Amino acid sequence: MASRVLSQEIEPGFHLLRVDDVDVEYFEGIWSIPEKVTYNAYLLVGDGGAVLFDGWKGIYADDLIEVIRGIVDLKDITHVIVHHAEPDHSGSLSKVLEANGFRAEVVAHPMAKPMIEAFYRIAPRFRLVKDGEELALAGEKIKIIYTPWLHWPETIMSYLPDRRALITCDAFGGYSTPRAIFDDDEGVVKEYLPSVRKYVANIIGFYRQHITRNIEKIQSLNLSIGILAPAHGLIWRRNPQLIIDYYRSLAEGRPDGNKILIISGSMYRLLEKAAAIAADEVERLGGRAIFYRFNDSSQPPFSEILSDAMDSRAIIIAATTYEAGVYPPLEHLVDLISRKIPQKPVLVIGSYGWGPAAARKISEKLASAGFKIIDKIEFQGSASEEDIRRIREGVKMLLESS
Ligand SMILES: Cc1cc2nc3c(=O)[nH]c(=O)nc-3n(C[C@H](O)[C@H](O)[C@H](O)COP(=O)(O)O)c2cc1C
Ligand SMILES: [Fe+2]
Ligand SMILES: [Fe+2]
């Protein structure tokens, strides 16, 4: 499949350079994203030169250069602002600088310098910036805001007061290749938000306290934001506050209605029958059950399960015992949930053949991460009538406690 390149002057002198990465299967080499992702760079063209904000993944470097060439001479770029050194945005940097004859200064946080030098084995001229620093580039004021851990420790944002534009890099971004550039159409936004949730759960979930902290920091600066321009997905100009509020609600673990996530890992589906009973009970008691099963015919993507975990009210985990531990896909999943997902009540169901382990290990892992374990129900083989009664009771307690 060929990638799709979009270049648009979104305001006089301010260009979006977007590529839809339809080649990617696993973001960061991990997260399954059939919906794909965009990389958004921005180009400011003004008096005395041009400023490039971020870039694209390395494989698209030549495409980026071609797009820039359609707007300005590469040699006219005086500065490249690297908001974040992760190669989905900085991968094109070497080639861009080469095409520019290494005339441009790389504007970045001090922590980004050794990363860029080590990633690409280049030694460009750097202009290292501090939080709150104001630059005058391409005839415009650019205020640097340090926003650590969104998504790495070196991440900065740029605010262009004359345009009321905040360029936010990973923060306020999402997966998918939206069919529009802006948030103007409510239908497009509605379609896009699940991909934002999935992106946050997969990529920034581990740093969720920093989402809240940085939003508060941005708010304390009283910036007037007319355009919010992230490095992935839609640009926000109709309602930038919507994406800020959505990020905050995800980071704080605000549930989406009565959604209850049920995850089952079962080799021969004895345990899955018990998990299905729990799912039915959730629905019977008025919850909305989202049921993922690992079994001999299905391996749902971790990326999707984490996305649903993010804004579920509570979680039910059913896992069988495997080699004196947890059935491996669920062991991995529980580990991811313990790190990336806001704490919430959990009901654990486990099974075993000769020596129980799964339920205890899952409960210990999640309890130590601050999750509230409502009950731990464990049985040999398949659930007895008494086990089923306890499962129903557990579901009731779970719904009451969440
Ligand atoms: C590869 C494999 C490893 C297993 N390891 C253990 C184990 O270490 N301890 C245990 O008690 N049962 C173990 N079992 C047995 C399962 O936990 C038991 O059969 C369980 O009922 C399987 O549930 P399921 O039919 O829902 O997959 C193992 C089974 C398999 C196939
Ligand atoms: Fe990143
Ligand atoms: Fe990114």
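Computed from a predicted structure; not experimentally measured.

Peer 1: Just checking my understanding: could you explain the site of ligand 1 for this structure?
Peer 2: In the vicinity of ligand 1 lie 17 residues, with Ser266, Met267, Thr321, Glu323 and Ala324 positioned nearest. Here an oxygen atom of ligand 1 and a side-chain polar atom of Ser266 are 2.5 Å apart. Trp354 has a polar backbone atom sitting 3.0 Å from an oxygen atom of ligand 1. Protein contact buries 83% of the 640 Å² of open area that ligand 1 shows by itself. At three residues, the largest contribution of residues to the shell around ligand 1 is made by strand S17 (residues 314–322). In the shell around ligand 1, the residues fall into eight nonpolar, seven polar and two charged.

Peer 1: Sorry if this is basic, but what is going on with the domain arrangement of the protein chain here?
Peer 2: Annotation of the protein chain at the domain level lists domain 1 (4–251) and domain 2 (260–401). Tallying the contact residues gives 14 residues for domain 1 and 15 residues for domain 2. Across the contact surface, domain 1 and domain 2 share three salt bridges. A salt bridge links Arg197 to Asp311, with the nearest nitrogen and oxygen atoms 3.3 Å apart. Linking domain 1 with domain 2 are eleven residue pairs in polar contact (both at pLDDT 80 or more). Those elements that place two or more of their residues in the side of domain 1 that touches domain 2 are strand S4 (31–32), helix H5 (186–204) and helix H7 (240–251).

Peer 1: In this structure, what is going on with the pairing of strand S10 (residues 134–137)? I would like to understand it.
Peer 2: A regular strand places its side chains on the two faces of the sheet in alternate fashion. The side-chain alternation of S10 yields one buried face, formed by Leu135 and Leu137, and one unburied face, formed by Glu134 and Ala136. Counting the residues that bridge the hairpin from S10 to strand S11 (residues 140–146) gives two residues, and of these Ala138 lies at a positive phi of roughly 50 degrees.

Peer 1: Can you walk me through helix H6 (residues 208–220) in this structure?
Peer 2: Residues three or four positions apart in an α-helix share a direction because the helix packs 3.6 residues into each turn. Given a rise of 1.5 Å per residue, 13 residues ought to cover 18 Å, and the 19 Å separating the end C-alpha atoms of H6 matches this to within 8%. By the burial criterion, the buried members of H6 are Arg208, His210, Ile211, Thr212, Asn214, Ile215 and Ile218. If you follow the buried residues of H6, they end up packed against S11, strand S12 (156–160), strand S13 (165–169), H5, H7 and helix H10 (328–340). Just downstream of H6 lies Asn222, where phi reads positive at about 50 degrees.

Peer 1: Hey, could you run me through the coordination of the iron ion (ligand 3) in this one?
Peer 2: Around a metal, the ideal angle is 109.5 degrees if four donors adopt a tetrahedral arrangement and 90 or 180 degrees if six donors adopt an octahedral arrangement. Listed as protein donors to the iron ion (ligand 3) are Asp88 (OD), His89 (NE2), Asp170 (OD) and His232 (NE2); their distances from the metal cover 2.1 Å. For the iron ion (ligand 3), the four donor atoms are set out with angles of 86 to 176 degrees between them, so the coordination reads as irregular. Read in sequence order, the donor residues for the iron ion (ligand 3) give the motif D-H-x80-D-x61-H. The distance between the iron ion (ligand 3) and the iron ion (ligand 2) comes to 3.6 Å, and Asp170 binds to both of them. One end of the pair, His89, is in helix H2 (residues 87–90); the other, Asp170, is in the loop between S13 and H5, with 81 residues separating them in the sequence. For His89, a relative accessible area of 2% translates into the label buried. A residue is classified by how much of its surface remains accessible, and Asp170, at 0% relative accessible area, is buried.

Peer 1: Teacher, can you tell me more about the environment of Arg127 here?
Peer 2: Within the element layout of this structure, Arg127 appears in strand S9 (residues 125–128). Separated by 242 residues in the primary sequence, Arg127 and Ala369 place their C-alpha atoms 40 Å from one another. Residues contacting Arg127, with those up to four places away along its chain left out, are His79, Glu105, Val106, Val107, Ala108, Glu133, Leu135 and Leu137.

Peer 1: Any chance you could explain the packing of aromatic side chains here in plain terms?
Peer 2: Two numbers describe a pair of aromatic rings. These are the distance of the centres and the angle of the planes. By the definition in use, this model includes twelve aromatic pairs. Here the aromatic rings of Phe206 and Tyr207 are separated by 5.1 Å at their centres, their planes lie at 80 degrees, and the arrangement is edge-to-face. The exposure class of Tyr207 is buried, given its relative accessible area of 18%. Through pairs of rings, three or more aromatic residues link up here, namely Phe27, Tyr175 and Tyr199.

Peer 1: Sorry if this is basic, but what is going on with the side chain of Arg197 here?
Peer 2: For Arg197, the location among the structural elements is in helix H5. When its relative accessible area of 12% is taken as the criterion, Arg197 is described as buried. Arg197 has contacts with Tyr246, Leu250, Lys259, Ser307, Asp308, Met310 and Asp311, leaving out every residue within four places of it along the chain.

Peer 1: What am I meant to see in the coordination of the iron ion (ligand 2) here?
Peer 2: Taken together, His84 (NE2), Glu86 (OE), His151 (ND1) and Asp170 (OD) make up the protein donors of the iron ion (ligand 2), found 1.9 to 2.3 Å from the metal. What the four donor atoms of the iron ion (ligand 2) show is an angle range of 84 to 172 degrees at the metal, which sorts the shape as irregular.

Peer 1: Just checking my understanding: could you explain the sheet that holds S12 for this structure?
Peer 2: Backbone hydrogen bonds hold the strands of a sheet together, and the pairing may be parallel or antiparallel. Strand order in this open sheet of five strands is S10-S11-S12-S13-S14, and the pairing throughout is mixed. Across the chains shown, the open sheet's two edge strands, defined by having one partner strand only, are S10 and strand S14 (227–230). Taking each pair of neighbouring strands and ignoring which way they run, the sheet shows an average axis angle of 25 degrees. Bridging between S13 and S14 involves four bridges; their strand directions are parallel. Its bridge partner lying in S14, Ile167 is registered against Ala229.

Conventions and cut-offs
- Residues numbered from 1 in each chain as written.
- Chains lettered and ligands numbered in written order.
- Predicted model: local features only at pLDDT ≥ 70, side-chain atom pairs only at ≥ 80, totals over all residues.
- Heavy atoms only, no water.
- Near = heavy atom within 4 Å.
- Polar contact = N/O pair within 3.5 Å; in protein donor to acceptor, adjacent residues only side chain to side chain.
- Areas by Shrake-Rupley, 256 points an atom, 1.4 Å probe, with all protein chains shown as cover.
- Helix = DSSP H or I, 4+ residues; strand = E, 2+ residues; numbered from the N terminus.
- Nonpolar A, V, L, I, M, F, W, Y, C, P; charged D, E, K, R; others polar.
- Domains from an automatic or database assignment.
- Contact = heavy atoms within 4.5 Å.
- Salt bridge = Lys/Arg side-chain N within 4 Å of Asp/Glu carboxyl O.
- Buried < 20%, exposed > 50% of the residue type's maximum accessible area, 1.4 Å probe, protein only.
- Pairing = 2+ DSSP bridges.
- Expected span 1.5 Å × (residues − 1).
- Donors = N, O, S within 2.8 Å, 3.2 Å for Na, K, Ca; no water.
- Tetrahedral: all angles 85-135°; square planar, octahedral: opposite > 155°, others 65-115°.
- Phe/Tyr/Trp six-rings, centres within 6.5 Å; stacked < 30°, edge-to-face > 60°.
- Axes fitted to C-alpha atoms, helices over the stretch in contact; angles between N-to-C directions.

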